[in-house]
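A closer look at the structure
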Amino acid sequence: MAALWRSYQRLMAQHPWKVQILTAGSLVGVGDVISQQLVERRGLRGHSTRRTLKMMAIGFCFVGPVVGGWYQLLDRLIPGNTRMVALKKMVLDQVGFAPCFLGCFLAIAGALNGLSAEESWAKIRRDYPDALLTNYYLWPAVQIANFYFIPLNHRSGPRPAPRMAVGPAQQWLLGELQGPHHTATIELAPQGSFSKGTAGT
């Protein structure tokens, strides 16, 4: 394990951008596997490989580049590594970046699922406020720790994994990526408990 970590560190130093994108896509895929197996309890036979691949595609092509680029910009806008700097970065991240990121993520997911622009917009209008509110229950505290303790070249990794596993965007996608005629949503309640609902097939 130590040897693997050293190899990862070496690759990160040599190819930071590529490794961050690969890490983000892989973690998004792992998050979907965890969601299907531990949250939805689908079992191996019921696992949707297609959905996991779609999630990984979003991770590779959108989450990794966008989040990695944002963190680099944020470090230039607010340099330093003090607690106050971490707090300022968290505020800018959650007020300026998170709402835009979530909306774009849901739009891309809808497009990958074959929804029309009108269908995708209607779904976003319905689900976006609750998804963003759920985001704010978890991510401000996580991001303060992220900005204070984790070096810049490792930051695009920690965020997607838990966010895709239990974050609002993943909850929205649990049913959405299965197709417009079958939806199953798992919502993260304010107290941290999961509640599951299904709508027709």
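Preceding block: the structure.
Figured I'd write up the structure that's included with this text. (Residues numbered from 1 in each chain as written. Predicted model: local features only at pLDDT ≥ 70, side-chain atom pairs only at ≥ 80, totals over all residues. Heavy atoms only, no water.)

All right, on to the side chain of Q36 then. Secondary-structure assignment places Q36 in helix 2 (residues 16-39). Among all residues touching Q36, those that are not within four sequence positions of it are R41, R42, G46, H47, S48, R51 and T52. (Helix = DSSP H or I, 4+ residues; strand = E, 2+ residues; numbered from the N terminus. Contact = heavy atoms within 4.5 Å.)

Right, let's talk about the pattern of salt bridges for a bit. Under the criterion given, the structure shown has six salt bridges. R51 is paired through a salt bridge with E40; the nearest N and O atoms lie 2.8 Å apart. With R51 in helix 4 (residues 49-77) and E40 in the loop between helix 2 and helix 3 (43-46), this pair connects stretches of sequence that are eleven residues apart. A single burial state applies to R51 and to E40, both of which are buried. Notably, a salt bridge pairs D75 with K89, separated by 2.6 Å at the nearest N-O pair. Taken as a pair, D75 in helix 4 and K89 in helix 5 (residues 83-112) lie far apart in primary sequence, 14 residues in all. For D75, a relative accessible area of 22% corresponds to the partly exposed category. Taken together, the salt bridges that share partners define one network made up of D32, E40, R42 and R51. (Salt bridge = Lys/Arg side-chain N within 4 Å of Asp/Glu carboxyl O. Buried < 20%, exposed > 50% of the residue type's maximum accessible area, 1.4 Å probe, protein only.)

This part covers the packing of aromatic side chains. Scanning the model with the defined rule gives seven aromatic pairs in all. Consider the rings of W70 and F97, whose centres lie 4.9 Å apart with planes at 5 degrees: the pair is stacked. Of this pair, W70 sits in helix 4 while F97 sits in helix 5, placing them 27 residues apart in sequence. Like W70, the residue F97 is buried in the burial classification. Measuring from ring centre to ring centre gives 6.2 Å for F101 and F105, while their planes differ by 35 degrees; the resulting arrangement is tilted. Here the residue F101 and the residue F105 both occupy positions in helix 5, the gap between them amounting to four residues, near one helical turn. Each member of the pair, F101 as well as F105, carries the same accessibility label: buried. Through a chain of ring-to-ring contacts, three or more aromatic side chains come together here, namely F62, W70, F97, F101 and F105. (Phe/Tyr/Trp six-rings, centres within 6.5 Å; stacked < 30°, edge-to-face > 60°.)

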